[in-house]
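Structure assessment
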Amino acid sequence: MNIMVVGVGGQGTLLTSRIIGYVAMQAGYEVKISEVHGMAQRGGSVVTYVRYGKNVYEPVVEEGQADILIAFERLEALRYAHYLKKDGKIIVNDCRIDPMTVVIGAAQYPESVIENLSLNHVVYSIDGDKAVSELGNPKVLNTVVLGLAAKHIGFSQEEWIDVISKTVPQKTIGINVAAFKNGYQNN
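This section reports on the structure supplied with the text. Along each chain, numbering runs from 1 in the same order as the chain's sequence is written. Reporting of local features is limited, given that this is a predicted model, to residues whose pLDDT is at least 70; pairs of side-chain atoms are given and counted only at 80 or more, and all residues count toward the totals for whole chains, interfaces and linings. The basis for every side-chain value is the complete set of heavy atoms in the structure, and neither hydrogens nor water enter the calculation.

By rolling a water-sized probe across the atoms, one finds the places where empty space is left. A 1.4 Å probe that fits but cannot get out identifies a cavity on a 1 Å grid over protein atoms alone, an open set with protein on both sides within 12 Å along at least five of seven lines counts as a pocket, and a residue lines either if it has an atom within 4 Å of a point. Grid points are joined across faces, edges and corners, and a volume is the space filled by probe spheres set on the points. There is about 150 Å³ of room inside the second largest pocket. The wall of the second largest pocket is formed by Leu15, Asn137, Lys139, Val140, Asn142, Thr143, Val168, Pro169, Thr172 and Asn176.

Encoded structure:
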């Protein structure tokens, strides 16, 4: 299984990848994770790869090989959609974060990103901002989106919650589990 997790610095892509990797390891799979930070500290693009299976020889997902693309922002989904297999799935947070080129007026944010992605891909979107607003904590956005993605990755809800509970800081277990369940109940 080849999974890419993409987003903007600070959205939790690294933690999300680790949780996916730990769930797969607990299920007995060999796991490789690779992180590409880029300009993460400045709100730039962050990409992580999670690969698991009986034997995994390299950590990087090549173009056209991803089974699932998890995107915490819709432009990031568009930017990395070419990594998907023909029958791959995109799980995307329907959120707009303007990159610096848009902020300074050097570029325009594309219109109808999710609709355009849906023309060539299977896309599942979620309003993660609304969910975290209802939950009262914007820091669990990644766990909301992971909840939706988990249904398409596999493993039981209990396996996911077990790993989340062992991975996130102890004082945030309750809110992260609630966020995961919120996403899991979507679509």
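Runs of H or I in DSSP of at least four residues are treated as helices and runs of E of at least two as strands, each being numbered from the N terminus. Within the fold, Leu141 resides in helix α6 (residues 141–153). Partly exposed describes any residue whose relative accessible area lies between the buried limit of under 20% and the exposed limit of over 50%, with all areas from a 1.4 Å probe on protein chains only and scaled to the type maximum. Assessed through its relative accessible area of 8%, Leu141 is described here as buried. Remark: the alpha-carbon pair of Leu141 and Ile97, spanning 44 residues in sequence, is separated by 14 Å. In this description, contact between two residues means that some pair of their heavy atoms is separated by no more than 4.5 Å. Among residues more than four places away in sequence, those in contact with Leu141 are Gln11, Phe72, Asn93, Gly128, Asp129 and Val132.

Take a side-chain nitrogen of Lys or Arg and a carboxyl oxygen of Asp or Glu: if they are within 4 Å of each other, that pair is a salt bridge. For the structure shown, the criterion picks out six salt bridges. For Arg18, the salt bridge goes to Glu35, with nearest N and O atoms at 3.0 Å. With Arg18 in helix α1 (residues 13–26) and Glu35 in strand β2 (residues 30–36), this pair connects stretches of sequence that are 17 residues apart. For Glu35, a relative accessible area of 30% corresponds to the partly exposed category. When the shortest N-O distance is used, the salt bridge between Lys85 and Asp67 registers 2.9 Å. On the criterion of sequence distance, the pair formed by Lys85 in strand β5 (residues 84–93) and Asp67 in strand β4 (residues 66–71) is long-range, its members being 18 residues apart. By relative accessible area, which is 27% here, Lys85 ends up partly exposed.

Before going further, it helps to spend a moment on the nonpolar core. Nonpolar core, defined: a set of buried Ala, Val, Leu, Ile, Met, Phe, Trp, Tyr and Cys residues in which side-chain atoms within 4.5 Å join the residues together. Counting residues in hydrophobic clusters, the biggest one holds 33 residues, and the most contacted among them are Ile3, Ile20, Ile70, Ile153 and Trp160. Looking at this core, the element that brings in the most residues is α6, giving eight residues. Not counting residues up to four positions away in its chain, the partners in contact with Ile70 are Ile3, Met4, Val5, Val6, Ile20, Ile91, Val145, Ala149 and Ile153. Core analysis: the next-biggest nonpolar cluster, separate from the first, contains 22 residues, Ala66, Leu84, Tyr109 and Ile114 among them.

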